[in-house]
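Read off the chains here:
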Amino acid sequence: MKKVIPCYIVLSSLLFGLLLQTVVFGNEQPAIPEALKQANPQSLKLAIEDMAERFPEKQQQWNLFRDKLDKFQKAIDRFRQTPPKNERAVENILEKYNTFKRAALLSNPLVSEHDILFVVRRQYRVDHHNTATLFQTGEINTDSFTGGGAMKSINLATGKVTTLIELKDGIARDPEVYFDGSKIIFSMRKNIQDDYHIYEMKTDGSGLRQLTRGSGLSDIDPLYLPDDMIAFTSSREPKYCMCNAHIMANMFKMGPDGENIHQLGKSTLFEGHGALLEDGRILYDRWEYVDRNFGDAQGLWTVNPDGTNHAIYWGNNTNSPGGVIDARPIPGTQQVICIFGSCHDRPWGALTILDRRLGLDDREGVVQTWPAHAINRVGKGNWDAFMPVNPKYEDPYPLNDTYFLCSRTTGHGEQMGIYLIDRFGNEILLHTEGAGCYDPMPIKPTHRPQSIPDRRDYASKTGQFYVVNVYEGTHMTGVKPGSVKYLRVVESPEKRSWTGPSWGGQGVHRPAMNWHSFENKRILGTVPVEEDGSVFFEVPAEKFVFFQLLDENGMMIQSMRSGTIIQPGEMTGCIGCHDNRRIAPPKIAAQTPKALTHKPDKLEGWYGPPRIFSYLQEVQPVFDKNCMSCHDYGTKAGKKLNLAGDMGLTFNQSYHDLWRKGGIKAVGAGPSEVQQAYSWGSHASKLVKVIRAGHKDINLDAESFDRIVTWIDINAPYYPTYLSAYPGNLAGRSPLTPAQVKRLAELTGVPFAGLANHGTKMGQQVSFDRPEKSPCLKKFADKNDAGYKEALGIIRAGADMLKKTPRADMPGFSPSDADRARNQKYLARRKTEQSIRQAISDGKKIYDAPTN
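What you see is a predicted model; the values in this text were computed from it and never measured.

## Considerations on the sheet that holds strand β21 (residues 403-409)
The strand order across the open sheet built from 4 strands is β20-β21-β22-β23, with neighbouring strands paired in antiparallel fashion. Pairing within the sheet leaves two strands with one partner each, and these edge strands are β20 (393-398) and β23 (427-431). Direction aside, neighbouring strands of the sheet carry axes that sit 30° apart on average. As judged from the 4 bridges shared by β20 and β21, these two strands associate in the antiparallel manner. Note that in β21 the partner of glutamate 394 across the bridge is serine 407.

## Section: the packing of aromatic side chains
For the structure on display, the rule yields 35 aromatic pairs. Taken together, a centroid distance of 5.9 Å and an interplanar angle of 65° make the contact between tryptophan 287 and tyrosine 289 edge-to-face. Summarising the burial analysis for this pair, tryptophan 287 and tyrosine 289 share the class buried. Aromatic ring contacts, followed pair by pair, group Trp503, Trp515, Tyr615, Phe651, Tyr655, Trp711, Tyr718 and Tyr719 into a single cluster.

## Things to note about the pattern of salt bridges
Summed over the entire model, instances satisfying the criterion amount to 48 salt bridges. Taking the shortest distance from any N to any O, the salt bridge between aspartate 219 and arginine 236 comes out at 3.0 Å. With aspartate 219 in strand β8 (residues 219-224) and arginine 236 in the loop between β9 (230-234) and β10 (250-254), this pair connects stretches of sequence that are 17 residues apart. With respect to burial, aspartate 219 and arginine 236 carry one shared label: buried.

## Observations regarding the pairing of β20
With respect to burial, β20 is a largely interior element, 6 of its 6 residues being buried. Connecting β20 to the antiparallel partner β21 that follows it, the hairpin turn spans 4 residues.

Rules of the game
- Residue positions are given per chain, counting from 1 as you read along its sequence in written order.
- Where local features are concerned, this predicted model is filtered to residues with pLDDT of at least 70; where side-chain atom pairs are given and counted, the filter is 80 or more; whole-chain, interface and lining totals use all residues.
- Excluding hydrogens and water, the side-chain values take into account all heavy atoms of the structure.
- In short, DSSP must find at least two bridges between two strands for them to pair.
- Labels follow the DSSP assignment, with helices taken as runs of H or I lasting at least four residues and strands as runs of E lasting at least two, numbered in each case from the N terminus.
- Axis lines are fitted to C-alpha atoms, over the contacting stretch for helices. Their N-to-C directions set the angle, which ranges from 0 to 180 degrees.
- Ring pairs shown here join Phe, Tyr and Trp side chains whose ring centres sit within 6.5 Å, with only the six-membered ring taken for Trp; geometry is labelled stacked below 30 degrees between planes, edge-to-face above 60, and tilted in between.
- Throughout this description, buried means an accessible area under 20% of the type-specific maximum (1.4 Å probe, protein chains only), exposed means over 50%, and partly exposed covers the range between.
- We define a salt bridge as a contact between a side-chain nitrogen of Lys or Arg and a carboxyl oxygen of Asp or Glu at a distance within 4 Å.

Given below as structure tokens:
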């Protein structure tokens, strides 16, 4: 029989419920607190289950954690379903939960059974680029160095912190623990008068010894190698970033006691944050650009410990992030953990896991990011797209394939703390103190990777490159078999000095070099390509070079826009041009590639011995001989395109007009993406099309034609050197002083200072060769006008100054005293490098000389 509940009981229950809701919760149900929403017991459950599987000997402990977590889960779910009006109740449960969460995650033997090494320091000062942390003595940003730091260890089981070394006015940085866990190598700078050098000590802080020395040079990022040699990053080849004035660094190597320091990398900017891969190669981040923009040219590369086989690992053609840095391999996987940062930022950003098997660029190779939403910035925006990311991460260290240590902002300004992070979504602060904590890693034995035998012959001066088939690869649309006849080798030299004023190319040119791109070029020569697309050739060792494919007319079909390096005695090569690095090479025919059946070809020079390319010396004579009767000042054709060689404030007249008016199609400091064949260069340039179609009665001889197309194909450079005779004047090139330029602007109404950039719509306004033809003087109808005479006098004074002190595009050029001193420092360091090479060949040892 169905039981009937009297209606008054039902009504009474409803009234009681309404009364209870009014008394306890109020008339409106409170919103769920944000902290309650973010609590994620499920992530902690996954971590506990993972630890239970990995460390079954602690099963009793894991069971206790399971029981407690179940109770917290129920309490949190209850509060989410029915939020209490009393906020303190939520705070209490979350405080207890977070305490429990910390205890559970700290029970992980990966962090609890070994002391954790870390560095205490301030975050580096804001500067030009994420690599600008050296603040080297005698450089533009020395005063940005801020001392005060320490290297310490912490036992997370007891909370005991041990100071290993403390520096009142200095900084210790970049530690690495030796394979058996007995000692630490690191970089240290004692004060602002000192520079960073490599030191070593035992893990208890005893036995400190200095391995490298030297004034006006910096040594950072040391790394123990499998054969007990030591790799590190150093400014021992003093060079500067092409887009500003900051000292750069390359990878070097030395013996266990600091002997025989010699160079591993020769890229033109920065190589740092080395880490060992399982196969013994060094994984490092590299910032360099050839015919591309400065901001997104910092990806991951690999190299053998002897400096051979530099190769792209990930991110060379990705526009965002601007910097892929501080990578370490994740044990037991083919993945790495790294930082996705920005160009104009400190070396922090989003924590990221990469798997290059999924893709070598853009989002497809990104497995996971912290914070999670940072993945949406990959491949979007520009090179500084990761600057707004918050929180910010730095110095990742994988404990295994799931758990990671890192530095992370704590929420208190720029202070960083040591965090434990896992792939389930848990993040806990382990420790912080002072201005911040960096470089966390366990002090324990680690696996020693295999040692790769040296392939370098220090007595040799050349190496050998081969390409199996130049037609194999991406971005070769429209390139028919047999169309490639030659391969050209071009060097992109280093920048050895800088100026104050700049030219606004794609970035800051200090001094002006080209209309848009940053590099000067040296043509080393060409070699023939066989009918089957193979090529085998010899190249001078230790030059930063790139290759171009040429047709039967010597016109560029395709060009590299990154550099490569060959070590003495090394032989290395490619399957094709821009070949796909994620697929197996195509099956080679039964017959050996034709080029590999004979000795390597020697480079055939370009109208003489290899030399730095100068537009004024190599190209302008062609226009002077063939074009000046029509394309000059005061002519109808000259108004359309003036090809006169008259010197202007920064460049000469013809160069200015050809770039500004689009007569050529050079890529300049182009985009990060690989460009299609024939998409830029002489084949795509209007000037060359007009010449080839026949222009008036002009018939260029083969050499004249070749000089024009070669200039365009190597990206239409202008100046042969970064050295300057006028480092304090406009664009670092003008013979007129700032005061003279200012006065000339007042007299003529021409905003000269605002024209020192590639975006100018105004033509060249000054001619130092024929001052009276200077376009800026057209304002004056009366040549007896006092203003005209004064303006003309200023230009003539500039012409006289050029005769007395030729600038870098002219014969007789001599650099300024400051540039000469920097160049001498460079040459002295190269001499030291060569003497060390000889010592290695002779089986001797050379050490850094002691300094005061």
